[in-house]
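One letter stands for each residue in the lines below.
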Amino acid sequence: MRIDVHAHYWTDDYLNLLVDLGKADAGAARGLGAGGGAELEARLRLMDRAGVEVQVLSACPQVPYGEDGKKAATAARFVNDQYAELAGDHRDRFRAFAALPMPHVEESVGEMRRALDELSMTGVAMNTTVLGRVLIEPDFEPVFAELNSRGAVLYLHPAGNSACSPLIANYHLTWMVGAPVEDTISVMQLITHGFPARYPNIKIINSHLGGALPMLLQRADDQYRWEAPDTPEPPSVAARRMWYDTVGHGHVPALRCAIDSFGADRLLLGTDFPYENGDMFVRAVDYINDPQVDKSAALAILDQNASSLLRIGHERQGTANSR
């Protein structure tokens with residue numbers, strides 16, 4: 001089954017809640033094609049054109065993070081209910097990752113339980129940072145403990161904060177360069193602090209081929225002992241405990257580097273809709289079948305890995321086997 005794990009969906013009603021929450025860039029997400037109504041119908045037609053059967057929707061980077069815990073919890077509940085309704089109405093086409101009202105830990109754990117237990121959502125989505133704070137902070141440990149106890153999927157996406165660097169933000173590089181830098185930093189923080197080993201049941205999906213990580217794995221293995229000596233295992237080992245989506249803007253050399261670095265079994269189809277739309281959306285799928293990519297690797301990435309990891313399509317198979 002061809003499943004796109006990196007796809008966004010927002011309605012104006014939800015974005016209004018984010019504006020009220022104080023999210024300055026929420027308004028810029030309007031009108032991109034990620035909403036309901038005619039935009040949803042156009043999305044479905046494009047999915048058909050590209051051969052994408054299911055999208056797993058996430059609110060990232062427009063997640064309901066804010067200092068006001070009550071408003072954040074209201075926004076998280078609103079978007080999760082929206083996603084659950086959409087997935088219920090289009091069960092053959094959509095699933096969704098739940099949003100959490102971070103940095104409010106108690107409220108986030110409660111909303112996670114509601115989303116996974118009552119709404120039957122596919123997993124949880126978070127940004128790589130929480131209002132500028134890193135995910136490895138001890139204050140956030142209860143969230144990871146809950147995810148681990150459930151064996152849940154955790155999808156991570158850049159926040160769009162230029163990695164808190166003016167060298168990126170002040171030079172119009174926030175998404176061209178900053179987003180994959182955020183990915184790289186986040187993954188390496190998880191690795192050096194032992195999260196893949198400490199929380200072995202969390203199925204972590206990182207965005208954008210892991211940023212620069214495929215090119216840095218050997219460097220990290222060579223240098224972690226003196227720069228981050230408390231790292232519990234070689235970075236290349238920890239990296240292969242996680243998964244990565246294929247959003248690489250059609251750049252086949254980057255995809256091949258990720259396959260060689262992580263293994264084809266660790267890669268999941270991603271399109272970054274609506275930021276890759278129209279022909280770019282189709283290219284986000286088709287480039288995996290490039291002649292330079294091993295055919296068995298392409299088959300696994302496009303049609304096997306996500307279905308197995310997320311357990312999507314298995315219910316259909318079980319029904320067929322019972323006939």
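Here the structure is a predicted model, which is why all the values come from computation and not from measurement.

So what's going on with the pairing of strand β2 (residues 54-58)? Which residues, and what values?
Burial of β2 is extensive: five of the five residues sit out of reach of the surface. Going residue by residue along β2, you find V54, V56 and S58 tucked away on one face and Q55 and L57 tucked away on the opposite face as well. Inspection of the sheet shows strand β1 (residues 3-8) paired to β2 by four bridges, in the parallel sense. Pairing of D4 across the sheet is with Q55, part of β2. In the sheet, β2 pairs with strand β3 (residues 94-98) via three bridges, with the strands oriented parallel.

Requested: an account of the side chain of S236, with residues and values cited.
Checked against the element boundaries, S236 lands in helix α10 (residues 235-239). S236 gets classed as buried once you look at its relative accessible area, which sits at 10%. The residues contacting S236, other than those within four sequence positions of it, are L217 and D221.

Please give an account of the nonpolar core that cites residues and values.
Counting 99 residues, the largest nonpolar core has I3, M126, V143, I205, L267 and L310 as the members making the most contacts within it. Non-local contacts of I3, meaning those with residues more than four positions away in its chain, are made with V54, V56, L269, L302, A306, S307, L310 and I312.

Please give an account of the packing of helix α1 (residues 12-21) against helix α3 (residues 69-89) that cites residues and values.
Relative to each other, α1 and α3 sit at 165°, their axes nearing to 10 Å. As summarised for this structure, α1 and α3 are arranged roughly antiparallel, according to the angle between their axes. Here α1 runs over α3; the crossing is left-handed. Here D13, Y14, L17, D20 and L21 of α1 lie close against α3, whose contacting residues are K71, A72, A75, F78, V79 and Q82. Taken together, the residues of the contact of α1 with α3 break down into seven nonpolar, one polar and three charged.

Calculation criteria
Residues numbered from 1 in each chain as written. Predicted model: local features only at pLDDT ≥ 70, side-chain atom pairs only at ≥ 80, totals over all residues. Heavy atoms only, no water. Buried < 20%, exposed > 50% of the residue type's maximum accessible area, 1.4 Å probe, protein only. Helix = DSSP H or I, 4+ residues; strand = E, 2+ residues; numbered from the N terminus. Pairing = 2+ DSSP bridges. Contact = heavy atoms within 4.5 Å. Core = buried A, V, L, I, M, F, W, Y, C linked by side-chain atoms within 4.5 Å. Axes fitted to C-alpha atoms, helices over the stretch in contact; angles between N-to-C directions. Parallel < 35°, antiparallel > 145°, perpendicular 65-115°, else oblique. Left-handed = near helix turned anticlockwise from the far one by under 90°. Nonpolar A, V, L, I, M, F, W, Y, C, P; charged D, E, K, R; others polar.

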